[in-house]
Amino acid sequence: MNEDVRNIVLGVVATGVSAAIGWFARSFLWRRRLRRKQAFFGLPTGSDCLFVVNRQMGANEWSVHRSDAFALLEISALIKDCQANLQIVAHESAQQGFGERAEFCVGGPISNVRTAAHLRSLLPGVGVDHDSEERRDRGAIKVGGETYRWEKGLVEYVLLARLTQEQSARPVFLLSGQTAISNQAAARYLARHHEQLARSYRRRSFCLLLKVVNSQAYGPDVTELIADVTAAARTAQVPVTT
């Protein structure tokens, strides 16, 4: 074998080795990201999870608002990435405990009775004004001594929470907004920022308050993180006595 042929063979071998190393490195990084995502969402490969949908406000029959359907699409993509299975359940039909399966619960307590149950059990420091009359505090979120009121199409608030009672339990993800478009905004925020949230909180519970800005012009795309209200939301409110 002359020197030119030997150099060609060595070049081919080196290229093959480099390609193999690159493939293994990419595969390792992809699997590590997948494991982290699965751990954060509580969705190991082949597992089942619930998506609890709410009822569109003002509808005569049971139906889902278009923006809540879009929220389902945002979340279903995350579930598919985790190689898990999705079961869609109406909020009145989800009469089961939590912790055995991961759960995504969409909608405020007025339109979703399961959200109301989760707030009472897991976030007792959160109050939502349920009054159906048109007034200033209608639908307002109250937490940590502050009141967050919404102005339709201009300012809307939503709580995005990851909740567990035990370290080993599967989490409940709560997207409790003042409007359907704020629910969708929370789903989009979760899809875009889940890696950052996983680094910050790992498998711990959290409750974030988000603000959707000028949805009539920007839809669910312009969303700001207002505060981490975990401590206040998980502390039961003390009734005021006179």
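Residues numbered from 1 in each chain as written. Predicted model: local features only at pLDDT ≥ 70, side-chain atom pairs only at ≥ 80, totals over all residues. Heavy atoms only, no water.

This brings us to the overall build of the chain. Across its full length, the chain carries six helices and ten strands. Per-residue burial for the chain yields a buried fraction of 44% across its 242 residues. Summarising the internal contacts of the chain: among those between residues at least 6 apart in sequence, 64% fall at separations of at least 24. Of the roughly 13,500 Å² of accessible surface on the chain, 51% is carried by carbon and sulfur atoms. (Helix = DSSP H or I, 4+ residues; strand = E, 2+ residues; numbered from the N terminus. Buried < 20%, exposed > 50% of the residue type's maximum accessible area, 1.4 Å probe, protein only. Contact = heavy atoms within 4.5 Å. Areas by Shrake-Rupley, 256 points an atom, 1.4 Å probe, with all protein chains shown as cover.)

The next thing to look at is the confidence of the model for the chain. With 77% of its residues at a pLDDT of 70 or more, the chain shows a mean pLDDT of 82. In the model of the chain, helix H1 (residues 3–41) stands out as the element of lowest mean pLDDT, 66, in contrast to strand S9 (residues 206–213), which has the highest, 96. (pLDDT = per-residue confidence, 0-100.)

Counting across every chain of the model gives eight aromatic pairs. With 5.2 Å between their ring centres and 10 degrees between their planes, Phe-104 and Phe-173 make a pair best called stacked. Placement of the pair is Phe-104 in strand S3 (residues 102–106) and Phe-173 in strand S8 (residues 172–177), with a sequence separation of 69 residues. Of the residues examined, Phe-173 reaches a relative accessible area of 0% and is grouped as buried. Pairwise contacts between aromatic rings join Phe-40, Phe-41, Phe-104, Phe-173, Tyr-201 and Phe-206 into one cluster. (Phe/Tyr/Trp six-rings, centres within 6.5 Å; stacked < 30°, edge-to-face > 60°.)

Right, let's talk about the layout of surface pockets for a bit. As a volume, the second largest pocket reaches approximately 350 Å³. What lines the second largest pocket is a set of 13 residues, among which Arg-36, Lys-37, Glu-195, Ala-198 and Arg-199 lie closest to the centre. Within the residue set of the lining of the second largest pocket, elements represented by two or more residues are H1 and helix H4 (180–201). Looking at the lining of the second largest pocket, the element that brings in the most residues is H1, giving seven residues. Classifying every residue of the lining of the second largest pocket gives four nonpolar, one polar and eight charged. (1 Å grid on protein atoms, 1.4 Å probe; cavity = no way out; pocket = protein on both sides within 12 Å on 5 of 7 lines; lining within 4 Å. Points joined across faces, edges and corners; volume = space filled by probe spheres on them. Nonpolar A, V, L, I, M, F, W, Y, C, P; charged D, E, K, R; others polar.)

Now for the sheet that holds strand S7 (residues 155–163). In spatial order, the strands read S2-S1-S3-S8-S7-S9-S10; together these seven strands make up an open sheet with mixed pairing. Among the strands making up the open sheet, the edge pair consists of strand S2 (85–90) and strand S10 (223–228). Between one strand and the next, the sheet's axes are offset by a mean angle of 20 degrees, whatever the strand orientation. Sheet analysis places strand S1 (residues 48–53) next to S3, joined by four bridges and oriented parallel. The residue bridging Cys-49 from the neighbouring strand is Ala-102, located in S3. (Pairing = 2+ DSSP bridges. Axes fitted to C-alpha atoms, helices over the stretch in contact; angles between N-to-C directions.)

Right, let's talk about the environment of Ile-75 for a bit. Residue position: Ile-75 is located in helix H2 (residues 66–81). Sequence spacing of Ile-75 and Gln-184 is 109 residues, and the spatial spacing of their C-alpha atoms is 9.6 Å. Dropping the residues within four chain positions of it, Ile-75 is found in contact with Phe-51, Phe-104, Val-106, Leu-175 and Ala-187.

Here we come to the nonpolar core. Judged by nonpolar contacts, the single largest core of 30 residues is most densely connected at Phe-40, Phe-41, Leu-43, Ile-75, Phe-104, Leu-175 and Leu-190. In terms of residues, this core owes the most to one element, H4, which gives seven residues. (Core = buried A, V, L, I, M, F, W, Y, C linked by side-chain atoms within 4.5 Å.)

Each full turn of the α-helix corresponds to 3.6 residues, which orients residues three or four apart in the same direction. The end-to-end C-alpha distance of H2 is 23 Å, a good match for the 22 Å that 16 residues give at a rise of 1.5 Å each. Note on H2: the residue one or two positions beyond its end, Gln-83, has a positive phi of about 60 degrees. (Expected span 1.5 Å × (residues − 1).)

Let's shift gears to the side chain of Arg-162. Inspection of the secondary structure puts Arg-162 in strand S7. Looking at Arg-162, its side chain comes within polar contact range of the main-chain oxygen of Arg-204, at 3.5 Å. Sequence-distant contacts of Arg-162, defined by excluding residues within four places in its chain, comprise Ala-39, Phe-40, Pro-171, Val-172, Phe-173, Arg-202, Arg-203, Arg-204, Ser-205 and Phe-206. (Polar contact = N/O pair within 3.5 Å; in protein donor to acceptor, adjacent residues only side chain to side chain.)

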